[in-house]
Each structure stands twice: as structure tokens, then as C-alpha cells.
Amino acid sequence: MEPGILDFERPIEQLENRVAELSRFSSTENIDLSDEINRLKERVIALKTNIFTNLTPWQKAQVARYSRRPLLSDYLPRLFTNFIELQGDRLFGDDLAIAAGLAKLDGETVAIIGHRKGKDTKSNLAVNFGMPHPEGYRKACRIMKLAEKFHLPLLTFIDTPGAYPGLGAEERGQAEAIAVNLAVLSSLRVPVIVVILGEGGSGGALAIGVGDRLLMLSNAIYSVASPEACAAILWKDRAKVEDAARALALTAQDMLRLKIIDEIIEEPLGGAHRDYDLITGRVKGSILKHLEELKKIDVEQLVQQRYERFRKIGEFEEVS
Amino acid sequence: MAWFRKPQYGTISPDSRRQDIPGGLWVKCTACGDLVYRKDWEASLKVCPNCNYYSRLGARERLDLVLDHNSFKEYDANLTPVDFLNFTDSVPYKDRLTKAQENTGFMDACLTGEGRLSGHLVAIGALDFFFMGGSMGSVVGEKITRLIEQAAAKHSPLIIISASGGARMQEGVVSLMQMAKTSAAIARFSQTGGLYLSVLTDPATGGVMASFASLGDIIIAEEDALIGFAGPRVIEQTIRQKLPGGFQKADFVLEHGLIDMVVKRSELRDRLAKLLEMLT
Ligand SMILES: [Zn+2]
């Protein structure tokens with residue numbers, strides 16, 4: 001059994017292996033097993049449906065962070081042509097945890113900012129597990145302003161455990177870097193579409209997450225704190241991640257209910273990792289649809305609507 | 001070098017330092033253990049005369065410290081938090097709120113309004129660390145945003161005195177979004193030429209620091225305050241080593257170019273007054 005496979009995916013994996021075995025056997029031995037194989041394939045679908053329509057919030061968090069899940073590097077070549085990466089914050093360095101650049105989306109130039117995760121330990125170390133430093137957010141800020149100057153729609157892609165909590169990050173002003181991005185994005189004079197691909201980790205996600213449309217994959221999560229951190233702080237027990245994930249209301253379905261996002265992009269049966277082309281196609285379709293709508297809105301109105309969108313988020317009572 | 005006398009990072013538990021202060025004639029300093037005559041301690045604005053340790057102040061004390069006597073007019077005192085996620089951890093959010101409301105006398109973790117500072121009319125807010133660690137949920141986010149909008153409408157300078165451990169987890173992602181909401185309001189206010197003085201007091205961390213508290217035209221830190229994005233414990237767990245002495249303290253963030261100045265508690269009012277005089 002491959003390490004790192006999700007517990008609740010194991011029965012699916014086992015059944016799929018059985019299908020593969022039978023297919024191999026049937027072709028090498030030249031025996032017709034198609035009835036048996038088709039029956040098993042139907043069972044795979046039934047099993048996937050059963051497991052993936054009943055995922056707990058914590059299981060969704062695990063899917064959102066899954067090593068097999070498509071990453072920004074998988075989306076870029078499928079969504080765009082001619083991606084040109086732009087690097088550096090012109091102040092300190094280049095943070096690989098944030099990818100930024102220009103690309104063509106169906107012939108139209110767009111600006112892109114996204115978190116970059118790796119597929120394995122080695123590639124993850126290179127991008128700091130998708131946890132940006134201030135220079136990453138400042139590079140992002142540079143691209144935001146570039147998009148505004150050249151009237152390019154800005155597309156951002158969220159997939160991060162959070163902004164990096166380390167010595168250098170503090171010394172160079174992590175909080176300020178995030179705060180400035182919130183301010184800049186809130187009044188940026190071009191359409192901004194935010195796609196939450198996997199993990200939306202707190203301020204580190206929000207720093208590129210203020211936009212006119214927020215789209216979210218059906219197994220992605222968005223949270224004020226990771227379930228682990230929340231369990232440690234509030235329950236004083238790291239083992240309470242299931243409870244913390246449920247309490248935090250971090251699923252895409254919660255985000256829609258709380259009116260944080262505009263649309264859920266449905267993942268293929270069994271999760272986005274089952275079919276990269278299918279999910280990227282759906283993401284592209286959704287981006288194009290919303291971009292068409294946003295391009296029709298006058299820029300003053302666009303900025304005003306974006307302000308009001310965030311202005312009205314909050315649950316409180318006014319007693320008299 | 002006050003931090004050498006203050007080895008513990010007790011910044012995230014609001015109650016711990018209060019408990020050490022009995023209600024009698026004498027006050028025991030949490031840092032040096034000295035017994036200080038209460039009147040002396042209060043005269044020195046709750047800074048230990050012996051070791052210069054800064055005890056935390058509540059929002060009301062903060063405003064009293066800088067505003068002209070009896071000049072404060074509160075805004076939005078009727079905004080109250082709701083437990084819209086039915087959030088229950090080791091203690092239900094509802095119970096945490098009730099307890100904090102009883103302890104502080106406030107509905108939530110900030111006080112906003114207008115007042116006069118050395119004669120200048122200002123829109124002013126203060127966060128209260130004694131109310132759930134000064135955490136920002138919907139009420140704090142809404143009150144701060146309304147305060148900023150009032151400052152814009154009245155063309156008055158804005159002063160926000162922050163003390164916060166970060167976002168309020170019990171309100172989930174809605175509390176995270178208050179960072180965007182308040183920052184957007186500051187951006188608008190700034191674009192219309194408004195003056196915003198941000199005052200950072202112990203501790204200024206997390207979502208408050210990664211939003212409006214970092215966006216001041218001028219950022220002033222109180223002496224010895226802890227200032228940063230992540231809390232010291234989170235950083236220590238991440239890097240798996242002890243933090244160097246003074247890390248994230250006011251002098252440290254000043255040296256790293258992140259703030260304009262560090263002031264003593266006793267000098268804050270005069271410094272604000274001078275800045276208002278020069279910039280308005
Ligand atoms: Zn003392």
C-alpha cells in the first residue's frame with residue numbers, strides 16, 4: 001500500500017487494484033472477464049459515491065491537502081497558454097511559495113498570483129510547503145499593481161496552510177505585508193477572481209483572497225485557523241481535530257451558506273485528484289463565465305461592489 | 001532591557017496577569033515580585049516603579065489615558081456578538097462571551113467613539129485584551145469599520161489603540177473576513193486624505209496586526225509591547241528552537257523598520273497631540 005494514501009480512500013484503492021488485476025489477467029490469459037470487471041467497476045463508483053458524499057469536515061481537510069490533489073503547477077498549463085513567470089519583490093528576494101506572472105486565458109492576457117505547493121518532501125521544501133514569507137506577499141502586491149496599470153484581470157489561486165510563522169518572516173514584517181495586500185486588493189481597479197483550490201489557511205490565504213468573485217472547489221477548505229491549531233488552542237488537545245474541523249465551519253458548503261463565496265466548483269467523483277483534466281476544465285469554465293460578467297461592470301461600480309461585499313460580512317445584533 | 005526581567009510570554013492568556021493583582025492597598029508586580037503601594041502604581045500608569053514592567057490596560061483605561069477629561073462619546077455600544085456557528089470547544093462560545101461581558105462590562109472586545117485629544121476632535125477606538133484576548137470577531141470588525149467611516153464622514157483624524165491576540169476562532173472564517181473589511185475601510189479613508197495613527201500595545205499580533213493595525217500613516221508602539229504576526233509559541237513550535245531575547249518586542253520591530261517610534265506610556269498622549277497638531 002502506498003504511503004500517504006488517505007484512510008477512507010483505501011477501500012476504493014483496493015477495489016480499483018482488483019479491477020486492474022482482473023483486466024491484466026484477462027488479457028494475458030485471454031479469458032473474457034468483462035462481466036466480472038464491469039460489476040466491480042460499478043462497485044467502485046458506488047463506493048466512491050458513498051464515501052465522497054459523506055465526507056466529514058476533517059476528511060475534506062485531508063482531501064484538500066492530499067498529496068495527489070492537483071496543484072497550481074497542474075492548473076497553469078491546463079488553464080492558460082504562454083505563462084510567463086514574474087519573480088521577486090524588488091526589496092528582499094523571490095519567494096517560491098508564491099507564483100506570479102502573466103498568461104493567456106483563451107487569448108486574453110491575465111495576471112496570475114497563486115500559492116505554490118509541492119508534490120513530495122523535496123519539492124515541498126523548495127516552496128516552504130506553500131507557506132509564504134513577506135517577500136512572497138510583496139511580490140504578489142507588485143503583480144496586483146501591474147495588473148491595474150495594464151488593465152489586466154487578476155486571477156488568484158489559493159492553496160496554503162498559512163503565512164509562514166518564522167524568524168525572518170517576523171523580522172521582515174509578515175503582518176504588514178498581508179495587511180497592505182488586503183488594502184490594495186480592496187480597491188484594485190481591475191476585475192479580481194479568487195479560486196480556492198485546496199487549503200485556504202487563514203491570513204496567508206486572505207492576503208491574495210480579496211476579490212469580486214470567490215470560487216471554491218467542493219472539497220477545498222477555508223479557515224481562520226487550521227483544525228490542528230484550533231484543537232490545540234481551544235480544546236488544549238491536538239487529537240480533537242475532528243471536532244475543531246466541524247466547529248470551524250470550513251467546508252465549501254459552509255462558505256456558500258455563510259455567503260463568503262459565490263460558487264462551488266464541483267469536483268469529479270472521488271475528488272479532484274481523480275481527474276485533473278476534468279477539474280481544470282470546470283475551473284476554467286467558471287472563471288470565464290464570471291470574467292465575462294465582471295468585464296461588463298464599470299470600474300467605479302466594480303470597486304464599490306467589492307467594498308460592499310466585504311463590508312457586509314459579519315454576524316451581530318444591535319440591541320436598542 | 002526590560003525583556004530580561006520578563007522571561008515569560010504570557011501574552012496569549014488575558015487572565016494570568018490580572019490574578020496577581022489583589023484588590024488591596026498593595027499591588028504585587030508580576031515581573032519582579034515587588035509589592036508596590038497601589039497609589040504609586042496607579043500614578044505611574046500601572047508601570048512598575050521598580051522594574052518598569054507594563055501591566056496591561058483595558059480599553060476604558062486606554063481612552064482615559066489619552067483623551068481630554070469627560071470628552072469621550074461612545075459609538076455603537078449596542079452592538080452585541082452572536083454565536084452564529086453554535087461553536088462549542090472545551091467551553092461554549094456563548095459562555096465565554098457571558099463571562100467576558102461580566103468581567104469587562106463591555107459587550108465585546110473594543111470601545112469606539114469620538115473625543116478630544118488636547119483639544120483635537122478625534123475618532124478613536126481601543127481594543128480590550130481582557131475581553132477574550134482582544135480577539136476580532138464580527139462586532140470588533142464592524143465597530144472598527146464604522147469608526148473609520150465616521151472619521152471619514154467627519155473629516156476627523158483616526159486613532160486606534162490595538163491590543164489583540166488575533167482573530168476570534170469561534171466565529172470561523174467570518175472573523176477572518178473582518179481583516180479584509182477593516183483594511184478596505186482604512187484604504188478608502190486613506191485615499192480621501194484621512195490621518196490614521198495606529199498605536200500598538202501589548203500584545204499586537206495575529207489578524208488585527210495583519211490588517212488595520214499595520215496600516216497606520218504613523219505607527220506608534222508602547223514600550224515593551226509584543227508586536228508581530230504569529231505568536232511566540234507558534235514560532236517556537238515551527239522552528240523548534242527558543243526565540244532570542246527581545247524578539248518581537250517594540251524595540252525589535254523598531255530596529256527592523258516596521259514602526260515609526262516606541263513611546264513610554266506616560267508620553268503617549270503628548271506624542272499623539274504633537275502629531276495631530278503637525279498633521280491636521
Ligand atoms: Zn516590577
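Residues numbered from 1 in each chain as written. Chains lettered and ligands numbered in written order. Predicted model: local features only at pLDDT ≥ 70, side-chain atom pairs only at ≥ 80, totals over all residues. Heavy atoms only, no water.

Draft legend 1. Layout of the coordination of the zinc ion. Residues and elements named next belong to chain B. The protein atoms that coordinate the zinc ion are Cys 29 (SG), Cys 32 (SG), Cys 48 (SG) and Cys 51 (SG), at distances spanning 2.2 to 2.4 Å. Considering all 4 donor atoms around the zinc ion, angles at the metal cover 107 to 111 degrees and the coordination shape is tetrahedral. Along the chain, the residues donating to the zinc ion are arranged with the sequence spacing C-x2-C-x15-C-x2-C. In this structure Cys 32 comes out as partly exposed when scored by relative accessible area, which is 30%. (Donors = N, O, S within 2.8 Å, 3.2 Å for Na, K, Ca; no water. Tetrahedral: all angles 85-135°; square planar, octahedral: opposite > 155°, others 65-115°. Buried < 20%, exposed > 50% of the residue type's maximum accessible area, 1.4 Å probe, protein only.)

Draft legend 2. Inspection of the domain arrangement of chain A at higher detail. Residues and elements named next belong to chain A. When the domains of chain A are assigned, the result is domain 1 (7–54) and domain 2 (61–312). Each of domain 1 and domain 2 has a C-alpha centre, and the two are 35 Å apart. Facing the 9 residues of domain 1 at the interface are 10 residues of domain 2. When domain 1 packs against domain 2, close to 760 Å² is buried across both sides, 54% of that on carbon and sulfur atoms. When the area that domain 1 buries against domain 2 is broken down by residue, the three leading residues are Glu 9, Lys 48 and Phe 52, summing to 59%. Salt-bridge contacts for Arg 68 lead to Glu 13; the nearest nitrogen and oxygen are separated by 3.4 Å. The tally of links from domain 1 across to domain 2 stands at 5 residue pairs in polar contact (both at pLDDT 80 or more). Every element with two or more residues in the side of domain 1 that touches domain 2 is listed here: helix 1 (10–28) and helix 2 (34–52). Per-element accounting of the side of domain 1 that touches domain 2 gives the leading share, 4 residues, to helix 2. (Domains from an automatic or database assignment. Contact = heavy atoms within 4.5 Å. Buried area = accessible area lost by both parts, 1.4 Å probe. Salt bridge = Lys/Arg side-chain N within 4 Å of Asp/Glu carboxyl O. Polar contact = N/O pair within 3.5 Å; in protein donor to acceptor, adjacent residues only side chain to side chain. Helix = DSSP H or I, 4+ residues; strand = E, 2+ residues; numbered from the N terminus.)

Draft legend 3. Region of interest: the packing of aromatic side chains. Going through the model one piece at a time under the given rule, you end up with 5 aromatic pairs over all chains. A ring pair is formed by Phe80(A) and Phe157(A), whose centres lie 6.2 Å apart and whose planes are at 75 degrees; its orientation type is edge-to-face. In this pair, Phe80(A) is assigned in the loop between helix 4 (72–79) and strand 1 (81–85) and Phe157(A) in strand 4 (residues 154–160), connecting sequence segments 77 residues apart. Owing to a relative accessible area of 5%, Phe80(A) belongs among the buried residues under this scheme. Above the ring of Phe310(A), the side-chain terminus of Arg309(A) is found at 5.9 Å from the ring centroid. A cation over an aromatic ring shows up here: Arg188(B) above the ring of Tyr307(A), its NZ or CZ 3.8 Å from the ring centre. (Phe/Tyr/Trp six-rings, centres within 6.5 Å; stacked < 30°, edge-to-face > 60°. Lys NZ or Arg CZ within 6 Å of the ring centre and 35° of its normal.)

Draft legend 4. Geometry of the sheet that holds strand 10 (residues 261–263) of chain B. All names here are of chain B. What the 7 strands build is an open sheet, ordered 3-5-6-7-8-9-10; its pairing is mixed. At either end of the open sheet lies a strand with only one pairing partner, and these are strand 3 (73–75) and strand 10. Strand-to-strand twist of the sheet, defined as the mean angle between neighbouring strand axes without regard to direction, takes the value 25 degrees. Pairing geometry for strand 8 (residues 196–204) and strand 9 (residues 218–222), over 4 bridges, is parallel. Looking across to strand 9, one finds that Val 199 is bridged to Ile 220. (Pairing = 2+ DSSP bridges. Axes fitted to C-alpha atoms, helices over the stretch in contact; angles between N-to-C directions.)

Draft legend 5. A look at the interface of chain B and chain A. Contacts between chain B and chain A engage 58 residues on the former and 49 residues on the latter. Taken together, both faces of the contact between chain B and chain A bury some 4,600 Å²; the carbon and sulfur share is 70%. The three residues of chain B that bury the most area against chain A are Met169(B), Met177(B) and Phe229(B), which together make up 15% of that side's buried surface. Put simply, chain B and chain A have 3 salt bridges between them. Put simply, Glu318(A) and Arg146(B) hold a salt bridge, and the shortest N to O gap is 2.9 Å. In this assembly, chain B and chain A are joined by 16 residue pairs in polar contact (both at pLDDT 80 or more). Counting only elements with at least two residues in the side of chain B that touches chain A, the list comes to strand 4 (79–81), helix 5 (138–154), helix 6 (172–191) and helix 8 (232–239) of chain B.

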